[in-house]
Amino acid sequence: MKLKKHLGGIKPYNPGRPIEEVQNMYGLNDVVKLASNENPYGCSQNVQKAIITELNKLSLYPDSRADKLREKLANHIGLNHDQFIFGNGTDELIRMICRAYLGQGTNTVMTDLTFSQYKRNAMIEGAEIREVPHVNGRHDIKGIIDAVDQNTTVVWICNPNNPTGEYVREGELITLLGSLNKDILVVCDEAYYEYVDADDFPDTVSLMKQYPNLMVTRTFSKAYGLAALRIGYGICQKNVVNDLEVVRETFNTSRLAQVAAIAALEDQIFIKECSKRNREELEQFYSFCWRFGLSYFPSQANFIWIDLKRNTNDLVNRLLLKGFIIRPGSQFGCQTSMRITIGSSTQNDDLIAYLSQLLQLPEIVEK
Ligand code: PMP
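Just so we're clear, the structure is a prediction, and the values are computed from it rather than from any experiment.

In terms of regular secondary structure, the protein chain is built from 13 helices and 12 strands. Over its C-alpha atoms the protein chain spans a radius of gyration of 21 Å, differing by no more than 12% from the 21 Å that the globule rule assigns to 367 residues. Taken along the three principal axes of its C-alpha coordinates, the protein chain extends 60 × 55 × 55 Å. Counting over 367 residues, the protein chain shows a buried share of 53%. The contacts of the protein chain with a sequence gap of at least 6 include a subset with a gap of at least 24, amounting to 73%. For the protein chain, the accessible surface area stands at approximately 16,700 Å², while carbon and sulfur atoms represent 49% of it.

Written as structure tokens, this is what we have:
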């Protein structure tokens, strides 16, 4: 086939392995997936009830504008209902942003160690990618400002950053926004927002009033536990919503996803509890790292990035044989690191116990 030339070198996105695949491949019953930053506690109990009441409407298309959910979110966040746009997961919002604002002759700026979908979608649109080296897992704001020029249309800030868990402070974001022309869209991807507890994390919704070129994306896939249903949202000024509406698929979020998201939003106690447990469990991983002298970045999210100081591909394979699915750093270009999703207490205890055993094997010793 005559594939578009610029698509030739682009690799498909590499998601974490599904539990079912690992069960079948290795004949394992108990498989723990700590590779895609899903919520180990599931989702609010309200969700099942909401989905069941919607089941007799499966023959009807969903509300294209997701008006009920829009209303709910507008009240929850304290913004006007026309400042929202919904996506089939934030993945789709990222694609829509690239489709609307990037193409040949434009460039886009991001950190080199970050969520790979920004780069992949920008490449699909034929834009130039400018990757600024991270500094200790953090976005280098000055480097990002320096990389921007008159052809830059979108700047990506993954906050907290996947895979490092580090975050851009409010002062840093204000410096960035204050330095850029108002026609450059700054996208703050806050997929892990509900897990954040740092006092100096940016209040992006307030900043949006002063900086109309700021856009925030959030998802129901992580703390809300609805990854299977594929629904996320963008918050931005109305003119940006209008631009993105042009490239949005008409029925991009399903009926079930919309009612589930409303029910999930109504249960903020569940979200607070998950976030609290996540912080407690993160401490177990910090202690594990101290015990083995491993370096890690303090995380504001539900995952941790650890440098194990040895090639982690072998470790990840051994963990897989035991039923633990983990992301090797090699997928992010870092051979000696791995990203572990924070699981439930039992999952974490089991993983840490087995990883501790592996790290003491003579053939696994530091290289
Ligand atoms: N942004 C970041 C930073 C992510 O880590 C992810 C999921 N891995 C997404 C966006 C996409 O999430 P979803 O499409 O499920 O909303």
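Here the domain parsing of the protein chain yields domain 1 (5–42 + 269–365) and domain 2 (45–267). The distance between the C-alpha centroids of domain 1 and domain 2 comes to 25 Å. Taken together, the contact pairs 29 residues of domain 1 with 32 residues of domain 2. For the pair domain 1 and domain 2, the summed buried area comes to about 2,600 Å², and 60% of that belongs to carbon and sulfur atoms. Broken down residue by residue, the surface that domain 1 buries against domain 2 is led by Tyr-13, Ile-271 and Gln-300, which jointly contribute 28%.

So, about unusual backbone geometry. Residue Asn-159 is joined to Pro-160 through a cis peptide bond whose omega torsion reads -5°. In this fold, Pro-160 is placed in the loop between strand 5 (152–158) and helix 7 (170–179). Of note, the amide linkage connecting Asn-162 to Pro-163 takes the cis form, showing an omega dihedral of 20°. The residue Pro-163 is located in the loop between strand 5 and helix 7 in this model.

What counts and what doesn't
- Residues numbered from 1 in each chain as written.
- Predicted model: local features only at pLDDT ≥ 70, side-chain atom pairs only at ≥ 80, totals over all residues.
- Heavy atoms only, no water.
- Helix = DSSP H or I, 4+ residues; strand = E, 2+ residues; numbered from the N terminus.
- Rg over C-alpha atoms; globule rule 2.2 N^0.38 Å.
- Buried < 20%, exposed > 50% of the residue type's maximum accessible area, 1.4 Å probe, protein only.
- Contact = heavy atoms within 4.5 Å.
- Areas by Shrake-Rupley, 256 points an atom, 1.4 Å probe, with all protein chains shown as cover.
- Domains from an automatic or database assignment.
- Buried area = accessible area lost by both parts, 1.4 Å probe.

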